[in-house]
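Here are the chains, one letter per residue:
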Amino acid sequence: MASPSARPRILSGVQPTGNLHLGNYLGAITRFVDLQADHDCLYCVVDLHAITVPQDPAALEATTREVTAAFIAAGIDPVRHAIFNQSRVPGHAELAWIFNCVARLGWLNRMTQFKEKAGKDRENASVGLYAYPVLMAADILLYRADAVPVGDDQKQHLELTRDIATKFNNDFAARIAEKTGADSYFKLPEPLIQGPATRVMSLRDGAKKMSKSDASDNSRINLTDDADTIAGKVRRAKTDPDALPSEVEGLAGRPEADNLVAIFAGLAGRTKAEVLRDHGGSQFSTFKAALSDLAVERLSPIAAEMRRLQADPGYIDGVLRSGAERANAIAEATMRDVKAIVGLLG
């Protein structure tokens, strides 16, 4: 049976599709960095998830390296923790198939993200897009992670992961006891939803999530944007005519104001209340200038380091290869157990 980690284990990932942006940074990558001190971390570039929609193969290779570079540039230590691309570890796909046979159609039919991504033409969506929450469950449970850093929009997928783990444990309870001597096999991972900017919204529409796929580049700050571009996007960000409130309650019903305050708080490592104590009563022209300076200060060094790392693809590929070897050692132990429990001869 796979032995538990001495420290809590964290698994999370980022899709290598399009330009990484401020939402990816504040909603995921900064938390990945913070969690390193107290957890054993596995950070995955989820390239198998990316191909649930059509991808240009050469672009996929490039963006896989770009995400890896962003992880390292932001402060994730590839020596202490595993950074790898999902497709290098066969256990992700193997466990996903077993979980496809455990999960129920009714559970997947309730997944709201499939409905949003497939749109009206669902009959032409790929089976992979429909079933990718099961692959996500396999990603997490393959490493028997204690917790998963997720954004607000991923909570439903983590609930599905817990449902699949529970059903597997119940369906194979006798076999689990026989093969491992334990009452259950998969632990139920907990979500880690932290910080003031876990869901960063579009700079052009405070009701929409910041997205790589938005047609307007002004809707997002890309991690590769230079200082002038960042400043211009902040200056043009949509606001309302009123001054900033002095208390968080005053942001209710003001999505664009709330978003900019949350972005400032996330970049500064402060709460929204603290930001408003300093900037409450300010006009947006003044606040945007301060936000622009802060964004340039925080993001420009990351962009520069990403460019340096991407100029050495051999180094990035070595990081991914080494990370996959470490991840695979955990994954293979899990798959030996799971195959024995299910009755698949190895």
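Conventions we followed
- One numbering rule holds for all chains: residues counted from 1, following each sequence as written.
- A pLDDT threshold of at least 70 governs which residues receive local features in this predicted model, and a stricter bar of 80 or more applies before side-chain atom pairs are shown or counted, although totals over entire chains, interfaces and linings include all residues.
- Side-chain calculation: all heavy atoms of the structure are included, whereas hydrogens and water are not.
- Of the grid points, spaced at 1 Å and generated over the protein atoms alone, those admitting a 1.4 Å probe that cannot get out make up cavities, while open sets with protein on both sides within 12 Å along at least five of seven lines make up pockets; any residue with an atom within 4 Å of a point is treated as lining.
- Grid points are joined across faces, edges and corners, and a volume is the space filled by probe spheres set on the points.
- Secondary structure elements are defined from DSSP: runs of H or I of at least 4 residues count as helices, runs of E of at least 2 residues count as strands, and each element is numbered from the N terminus.
- Orientation is described by axes fitted as lines to C-alpha atoms, over the contacting stretch for helices, and by angles from 0 to 180 degrees between their N-to-C directions.
- These descriptions rest on fixed angle ranges, namely under 35 degrees for roughly parallel, over 145 for roughly antiparallel, 65 to 115 for roughly perpendicular, and the rest for oblique.
- Whether two residues touch is decided by their heavy atoms; if any such pair falls within 4.5 Å, the residues are in contact.
- Gly is put with the polar residues, along with every residue not named as nonpolar or charged; the nonpolar set is Ala, Val, Leu, Ile, Met, Phe, Trp, Tyr, Cys and Pro, and the charged set is Asp, Glu, Lys and Arg.
- Helix span, expected: 1.5 Å multiplied by one less than the number of residues in the helix.
- A residue's bend is the angle separating two fitted axes: one through the seven residues that end there, the other through the seven that start there.
- Note on exposure labels: buried denotes an accessible area under 20% of the residue type's maximum, exposed denotes more than 50%, and partly exposed covers the range between, all computed with a 1.4 Å probe on protein chains only.
- The term salt bridge refers to a pairing of a side-chain nitrogen on Lys or Arg with a carboxyl oxygen on Asp or Glu at a separation within 4 Å.
- Residues grouped as a nonpolar core are buried Ala, Val, Leu, Ile, Met, Phe, Trp, Tyr and Cys residues, joined through side-chain atoms within 4.5 Å.

(A) Geometry of the layout of surface pockets. Volume-wise, the second largest pocket comes out at about 320 Å³. The wall of the second largest pocket is formed by 18 residues, among which Ala 96, Asn 100, Val 127, Ala 131 and Val 134 lie closest to the centre. Those elements that provide at least two residues to the lining of the second largest pocket are helix H4 (91-100), helix H5 (105-109) and helix H7 (127-142). When residues of the lining of the second largest pocket are assigned to their parent elements, the largest contribution, 7 residues, is made by H7.

(B) View of the packing of helix H1 (residues 22-35) against helix H13 (residues 284-310). One way to put it is that H1 packs onto H13 with a least axis distance of 13 Å and a crossing angle of 85°. Relative to H13, H1 is oriented roughly perpendicular. Across from Leu 22, Tyr 25 and Thr 30 in H1, the residues of H13 making contact are Arg 298, Leu 299 and Ile 302. Across the contact of H1 with H13, the residue classes break down as 4 nonpolar, 1 polar and 1 charged.

(C) Inspection of H1 at higher detail. Taking 1.5 Å per residue, 14 residues should reach 20 Å; H1 reaches 19 Å between its end C-alpha atoms and fits that length. The principal kink in H1, of about 35°, is found at Ala 28. The buried fraction of H1 amounts to 12 of the 14 residues, a majority that puts the element mostly inside the structure. For H1, every residue scored as buried is listed here: Leu 22, Gly 23, Asn 24, Tyr 25, Leu 26, Gly 27, Ala 28, Ile 29, Thr 30, Arg 31, Phe 32 and Leu 35.

(D) Quick look at the pattern of salt bridges. Evaluated as defined, the whole model comprises 15 salt bridges. With a closest N to O distance of 3.3 Å, Glu 190 and Arg 162 form a salt bridge. Highlighted residues: Glu 190 in strand E5 (residues 190-192) and Arg 162 in helix H8 (residues 155-171), separated in sequence by 28 residues. A salt bridge links Asp 171 to Lys 167; the nearest nitrogen and oxygen atoms lie 2.6 Å apart. Of this pair, Asp 171 and Lys 167 both sit in helix H8, 4 residues apart, roughly one helical turn. Here Asp 171 falls in the partly exposed class, since its relative accessible area comes to 43%.

(E) Structural view of the nonpolar core. Residues Leu 22, Tyr 25, Phe 71, Ile 263 and Leu 267 are the most contacted members of the largest nonpolar core, which totals 54 residues. The biggest single contributor to this core is H13, with 9 residues. When neighbours within four sequence positions are excluded, Tyr 25 is seen to be in contact with Thr 30, Ala 74, Leu 223, Leu 267, Arg 298, Leu 299 and Ile 302.

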